[in-house]
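Analysis of the macromolecular model
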Number of protein chains: 2
Amino acid sequence: MTSLLVESSATDSPAPLPQTPRTRPVRLGDRGSHDVALIHAIIDEAPICHVGFVDDAIKGHDTPSPMVIPTIPWRVGDELMIHGASSSRMIRRLQEGGEACITLSLIDGWVLARSAFHHSVNYRSVMLFGRPRLVSEEAEKRAALDALMEKIEPGRSAKVRAPNTQELKATSVLAFPIAEASAKRRSGPPGDDPEDMDHPVWAGVVPLRLIAGEPEQDPAQIARQK
Amino acid sequence: MTSLLVESSATDSPAPLPQTPRTRPVRLGDRGSHDVALIHAIIDEAPICHVGFVDDAIKGHDTPSPMVIPTIPWRVGDELMIHGASSSRMIRRLQEGGEACITLSLIDGWVLARSAFHHSVNYRSVMLFGRPRLVSEEAEKRAALDALMEKIEPGRSAKVRAPNTQELKATSVLAFPIAEASAKRRSGPPGDDPEDMDHPVWAGVVPLRLIAGEPEQDPAQIARQK
């Protein structure tokens, strides 16, 4: 029987993203990367991102203020998507043309060094800058929201009750080009100085991972199934 | 034998923080809280925070830009501390009087509803606004860095090689008052609409937890111990 599997790694890797004044590493340049596949992989894995923007219209507050809002990121092709209530502060500001810095951070472990100074974190992160496009066409918006559902649980988008017109209107989807972005990561053991290598304290990495536990069914559903 | 245990919940709980234009909930007010004990508990548990600020001096970039940087938060009394290389962009901008929005997000689970619209995330988060104080006095700075180490591994600060003068100079510690801050949280099963309760799809919560794995000793230390 002939295998119908498509080799997913067979495509040519795309060119790295260009460096910009905002994505050029200031320090520790060896931890930085503009590799598209790495940036995509971090976005695909991250359950959460933090969206930073400047709010210059807070009622009762005079000066523009930085705002950082957590939300779920997902990817459709070469765009990073976020969504939210159309009435929310974040969606309104960004829809009006506001610029965002979106940061996604995956923590992989505590790095315990012999010296206090060389303690660190193993991580993979992405910083992305840009202004979003509002996904307004209904078919594209539905497909985007389906893709979000598929990220949370593959196969689920076909099983749930789909959004009705009112729900679709109450939800806004914003798409950011993955164009001005960079990744950073650290991995491996601590980088202590040579003169500290015999200091008598355990050194190494304590791995950290976000783990899904036993699913807890809605008690209301259990009651109805009895 | 008389128990020497001190009841940790015996203290009077402090008054909630005041609402400000920035910490008053815009939507879903029932998820918001200004309770100090809850805010402290989230800061104490969070391994990471995202620090948002506005950078108006990026070389080669004309306009002020939002920036969101991940770092480790910890608490000393009623201040939230962060640290970083004194030469880093974040430290420099905030030391110059820049205002920050620091957001800490703990993800507790995916909320899988019957309708696409009511999918959600169980979480606990804190948003804190303010300008920092530079911790410059040496004894206070050492104590603050010890407290960071204790958060990562209790008892470790006494065992590691302490920072020397040069390392201390290369590291800046910033302290933010926990004064203009609020918490938000969601817990429990999905909140589907009554007419969807019999929709035939599994509904409930998939708990998520950040778990520490088996420690991986630095190979360089294993080699020396042989």
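These remarks concern the structure in this document. (Residues numbered from 1 in each chain as written. Chains lettered and ligands numbered in written order. Predicted model: local features only at pLDDT ≥ 70, side-chain atom pairs only at ≥ 80, totals over all residues. Heavy atoms only, no water.)

**Considering helix α3 (residues 138-152) of chain A**
Going by this rule: Working definition: helices are DSSP H or I runs of at least four residues, strands are E runs of at least two. Numbering for both runs from the N terminus. Helix span, expected: 1.5 Å multiplied by one less than the number of residues in the helix. The rule is simple: take the accessible area with a 1.4 Å probe, protein chains only, and divide by the maximum for that residue type; under 20% is buried, over 50% is exposed, in between is partly exposed. Arc definition: directions from the helix axis to the C-beta atoms. It only takes one pair of heavy atoms within 4.5 Å for two residues to be counted as in contact.
Between the first and last C-alpha of α3 of chain A there are 22 Å, a value that for 15 residues agrees with the 21 Å anticipated at 1.5 Å per step. Of all the residues in α3 of chain A, the buried ones are K141, A144, L145, L148, M149 and I152 of chain A. Viewed end-on, α3 of chain A has its buried residues packed into an arc of 145°, placing them on one side of the element. In this structure, the buried side of α3 of chain A is in contact with β4 (74-76), β5 (79-85), α4 (165-170) and β9 (171-177) of chain A together with β6 (100-112) of chain B.

**Thoughts on the sheet that holds strand β8 (residues 133-134) of chain A**
Residue and element names in this part refer to chain A. Test applied: By definition, two strands form a pair when at least two bridges between them are found by DSSP.
In spatial order, the strands read β4-β5-β9-β8; together these 4 strands make up an open sheet with antiparallel pairing. The open sheet terminates on both sides in strands that have one partner only, identified here as β4 and β8. Strand direction decides the pairing type here: β4 and β5, joined by 3 bridges, are antiparallel. Among the inter-strand pairings, W74 is bridged to a residue of β5, identified as M81.

**Remarks on the interface of chain A and chain B**
Heads up, the condition is: When two components associate, each loses some accessible surface as probed by a 1.4 Å sphere; the sum of these losses over both components is called the buried area. Residues are grouped as follows: Ala, Val, Leu, Ile, Met, Phe, Trp, Tyr, Cys and Pro are nonpolar; Asp, Glu, Lys and Arg are charged; every other residue, Gly included, is polar.
Taken together, the contact between chain A and chain B spans 85 residues of the former and 85 residues of the latter. Of the roughly 7400 Å² buried at the junction of chain A and chain B (both faces included), carbon and sulfur atoms supply 63%. It is P66, W110 and R161 of chain A that lose the most area in chain A upon contact with chain B, and together they represent 8% of the buried surface on that side. Here the side of chain A that touches chain B gets 9 residues from one element, more than from any other, and that element is strand β11 (residues 204-212) of chain A. A breakdown of the residues in the side of chain A that touches chain B according to their chemical character gives 47 nonpolar, 17 polar and 21 charged. Bridge count for strand β12 (residues 216-217) of chain A against strand β11 (residues 204-212) of chain B is 2 bridges, and the pairing is antiparallel. Its bridge partner lying in β11 of chain B, E216 of chain A is registered against V205 of chain B.

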